[in-house]
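# Notes for the structure review
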Amino acid sequence: MGSMPQPDVNERLAAILSICQKMNSERDLGALLDLIAREATSLLDCDRASIFLLDAERNELWSKVALGSDEILRFDARRGIAGTTALTGATINVRDAYSDPRFYTGIDDRTGYRTRNLLAVAMRNQHGEIVGAFEVLNKRVGVFTARDEESLAALASHAAGAIETAQLIGELKRNHEELEEQNAHLRREVESRYSTHGIIGGGQRIQQVVRLIERIRDSVVNVLITGESGTGKELVAKAIHYNSPRAKRPFVALNCAALPETLAESELFGIEKGVATGVEKRVGHFEKATGGTLFLDEIGDLSLTAQAKMLRVLQERVVERVGGRAPIAVDVRVLAATNKDLEAEIAKGTFREDLYYRIKVIHIQTPPLRDIREEIPLLATHFLREYCKETSHAALEFSPAVLRRLASAPWPGNVRQLRNEVMRLAACARGSLIDEDDLLFGLPPSSARERTAAAAAPAPVRLESLKKATEELERRMIAEALLSTKNNQQQAARILGLSRQGLINKMKRYSLGG
Ligand SMILES: Nc1ncnc2c1ncn2[C@@H]1O[C@H](COP(=O)(O)OP(=O)(O)OP(=O)(O)O)[C@@H](O)[C@H]1O
Ligand SMILES: [Mg+2]
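Since the structure is predicted, the reported quantities are computational estimates derived from the model, not experimental observations.

## Details of the packing of helix α13 (residues 376–391) against helix α14 (residues 400–408)
In the contact formed by α13 and α14, the axes pass within 9 Å of each other and the chain directions differ by 115°. Considering how the two elements wind past one another, α13 and α14 form a crossing that is right-handed. Residues I376, P377, A380 and T381 of α13 form the contact with α14, whose participating residues are L403, L406 and A407. Split by residue class, the contact of α13 with α14 holds six nonpolar, one polar and no charged.

Structure follows, in structure tokens:
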């Protein structure tokens, strides 16, 4: 007592320490379990070592190395010596396995191995909870001693920590791989959706747009996309981005109309921390789009002050954060869109001419749907398939009469409205064929029943010109949408494929409700 530890105790401690160091540098669970088992057999001078880990969910013990092979062994967590140890935490030292009633002979039976004696200790995590059992078999000479019990217990307490870390790392790795996989899948999906193939239309007007997109995909020239609401301006912008070498970098869209004048500068260019009390550093949209594409939607609504700042960025290719000291170089391709007539805005003095020419290096115009009616059957069928695919709905089809009626409707909300209408028809479809009975309002009447209904409609006007006729239809569609939604402008706008503001403008134009 109180004397110096015996030399072989020191040796054992040193051996355990060196095993611990090896364990800590092994991050792969399988390799770690092999390593611990190997080291334990040499430390305790025995034949075999097994680590049984507790699978609390299934109340089972499992072991990778119990059989000395890659096979994984699982059994009831209450079974055998290892089970007893895992259940009670007790250290169990058995001198003659086959005379101990707790000994489970099943493993020997399967492997043909003969267990003479064994020692099992519990493995606990940092919180003291039992996570498994560590078992060594067949001491080479004699039986396991009290000192062996101590050594195995010391080894087990370190092993538990290393195993837990390896398990966590394995889990993180698997999660990470799963996310990567999902991410790659989504990226492929987005890319195929916004590749030029996502732009439907076989006619000249659409094909011109597609060819232009393909021609400019490798350059960084600024592009202005103009067209009425719902004609596919954003679709074109995404097609340009996802077809360009910048496809793997961000596509950042900024709606200039929703940008209050006071915030425009910090939103676009960012702000340094502490410019005013409580101000946190914020990265601007230009920086967010680094290496990628910045899509300035509704650029016609940018204030004159913001226009001036924007012009400077486009000229000098640097941004300055609000409160920042040094300009930051930006590598961003700028695409802009508007449904306003920018030349008229220039004439009114609300849009800068120099900015206009900066952004309009290439000009793409998306045609209103009424000018490309020949595309309507193709578009409608495409949206119908898209609906079926996205909702896992059985295949649906339009009757030829419905397609004809769709092709002759006015579509003030353009392709977006057509898409919404197709989605609505698909959602209401009763069979696999959508026929005329499924059509509701808005489309020019053709059946006898509807003709009578239309004749009874208020104030049939003489339609002097196509423009008048279109306007009249538009007015009626809006009135009906408002009626069917009980004047809910948000809903009515959605049905018509218009923005809420777009609807309000049209309501004003036609002096409807309010
Ligand atoms: N040629 C086309 N092929 C397939 N889908 C189209 C086509 N044109 C438009 N779309 C679809 O119509 C909808 C409206 O398009 P998008 O949002 O690009 O219009 P927009 O011109 O940006 O409208 P707004 O001015 O109201 O913002 C989208 O669902 C888009 O995918
Ligand atoms: Mg848009």
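## Observations concerning empty space enclosed by the protein
In this approach, a probe sized like a water molecule rolls over the atoms, and the result shows the empty space that is left. Within the structure shown, the criterion is met by two cavities of 30 Å³ or more. Estimates place the volume of the largest cavity at around 220 Å³. If you trace the largest cavity, you find 20 residues lining it, with F52, F103, Y104, I107 and E135 closest to the centre. Of all the secondary-structure elements, those providing two or more residues to the lining of the largest cavity are β1 (46–55), α3 (80–88), α4 (106–111) and β6 (130–139). Take the lining of the largest cavity: its biggest share by element is four residues, from α3. Tallied by class, the residues present in the lining of the largest cavity amount to 11 nonpolar, five polar and four charged.

## Examining the nonpolar core
Within the largest apolar cluster, 49 residues are counted, with the highest numbers of intra-cluster contacts made by I364, F398 and L418. Contributions of two or more residues to this core are made by α6 (204–215), β7 (223–226), α7 (233–242), β14 (333–338), β15 (362–365), α13, α14 and α15 (414–428). No other element matches the seven residues that α13 contributes to this core. Discounting residues that sit within four places of it in the chain, I364 has contacts with V209, L212, I213, V223, L224, I225, T226, V236 and I240. With 32 residues, the next largest nonpolar core counts I19, A37, V121 and L155 among its residues.

## Points about the site of ligand 1
The local shell around ligand 1 holds 17 residues, among which I200, S229, G230, K233 and R416 are the closest. At 3.4 Å from an oxygen atom of ligand 1 is found a main-chain nitrogen or oxygen belonging to T231. At a separation of 2.9 Å, an oxygen atom of ligand 1 approaches a polar side-chain atom of R416. Here ligand 1 has 640 Å² of accessible area as a free molecule, and 85% of this is covered by the chains. Sorting the residues of the shell around ligand 1 by element identifies α7, α13 and α15 as the ones contributing at least two each.

## What about the sheet that holds β15?
Strand order in the open sheet formed by five strands is β8-β11-β14-β7-β15, with parallel pairing between adjacent strands. Edge strands, defined here as strands with exactly one partner in the open sheet, are β8 (251–255) and β15. Within the sheet, the average angular offset between the axes of one strand and its neighbour, ignoring direction, is 20°. Pairing between β7 and β14: four bridges, direction parallel. Counted as the bridge partner of I225 is A337 from β14.

## Let's talk about the pairing of β14
Summarising burial for β14: six of the six residues are buried, a large majority. Burial along β14 is two-sided: the residues R333, L335 and A337 and V334, A336 and T338 are all buried. Relative to β14, strand β11 (residues 293–297) is paired through four bridges, and the arrangement is parallel. Looking at the pairing, F295 lines up with L335 of β14.

## Description of the state of the cysteines
A complete count under the given rule lists zero disulfides for this structure. Left unpaired, C388 is separated from the closest cysteine sulfur, that of C428, by 14 Å. Using a relative accessible area of 9% as the deciding quantity, one classes C388 as buried. Residue C428 is classed as partly exposed on the basis of its relative accessible area, which comes to 47%.

## Quick word on the packing of aromatic side chains
In the structure shown here, the tally under the stated rule is seven aromatic pairs. Aromatic side chains F52 and F75 sit 5.5 Å apart centroid to centroid with 70° between the ring planes, which places their arrangement in the edge-to-face category. With F52 in strand β1 and F75 in strand β3 (residues 73–76), this residue pair connects regions lying 23 residues apart in the sequence. The pair F52 / F75 is uniform in exposure class, with both members buried. Here the aromatic rings of F75 and Y104 are separated by 5.9 Å at their centres, their planes lie at 40°, and the arrangement is tilted. Taken together, the positions of F75 in strand β3 and Y104 in the loop between β4 (92–94) and α4 put the pair 29 residues apart, joining distant regions of the chain. Judged by relative accessible area, F75 falls into the buried class, the value being 6%. An aromatic cluster is defined as three or more aromatic residues linked by ring pairs; in this entry it consists of F52, F75 and Y104. In this arrangement the basic side chain of R114 is found over the ring face of Y98, its NZ or CZ atom lying 3.9 Å from the centre.

## Observations concerning the packing of helix α8 (residues 261–269) against helix α10 (residues 304–316)
Here α8 crosses α10 at 20°, and the two axes come no closer than 9 Å. Put simply, α8 runs roughly parallel to α10. For the crossing formed where α8 meets α10, the hand is right-handed. Judged by residue contacts, E261, A264, E265, L268 and F269 of α8 engage T305, A306, K309, M310 and V313 from α10.

## Details of the pairing of β6
Counting buried positions over the 10 residues of β6 gives eight, a clear majority of the element. Inspection of the sheet shows β1 paired to β6 by seven bridges, in the antiparallel sense. The partner of C46 across the bridge, within β6, is K139. Here strand β5 (residues 118–124) hands over to β6 after five residues, with G128 in that stretch at a positive phi of 85°.

Calculation criteria
- Residues numbered from 1 in each chain as written.
- Chains lettered and ligands numbered in written order.
- Predicted model: local features only at pLDDT ≥ 70, side-chain atom pairs only at ≥ 80, totals over all residues.
- Heavy atoms only, no water.
- Axes fitted to C-alpha atoms, helices over the stretch in contact; angles between N-to-C directions.
- Helix = DSSP H or I, 4+ residues; strand = E, 2+ residues; numbered from the N terminus.
- Left-handed = near helix turned anticlockwise from the far one by under 90°.
- Contact = heavy atoms within 4.5 Å.
- Nonpolar A, V, L, I, M, F, W, Y, C, P; charged D, E, K, R; others polar.
- 1 Å grid on protein atoms, 1.4 Å probe; cavity = no way out; pocket = protein on both sides within 12 Å on 5 of 7 lines; lining within 4 Å.
- Points joined across faces, edges and corners; volume = space filled by probe spheres on them.
- Core = buried A, V, L, I, M, F, W, Y, C linked by side-chain atoms within 4.5 Å.
- Buried < 20%, exposed > 50% of the residue type's maximum accessible area, 1.4 Å probe, protein only.
- Near = heavy atom within 4 Å.
- Polar contact = N/O pair within 3.5 Å; in protein donor to acceptor, adjacent residues only side chain to side chain.
- Areas by Shrake-Rupley, 256 points an atom, 1.4 Å probe, with all protein chains shown as cover.
- Pairing = 2+ DSSP bridges.
- Disulfide = S-S within 2.5 Å.
- Phe/Tyr/Trp six-rings, centres within 6.5 Å; stacked < 30°, edge-to-face > 60°.
- Lys NZ or Arg CZ within 6 Å of the ring centre and 35° of its normal.
- Parallel < 35°, antiparallel > 145°, perpendicular 65-115°, else oblique.

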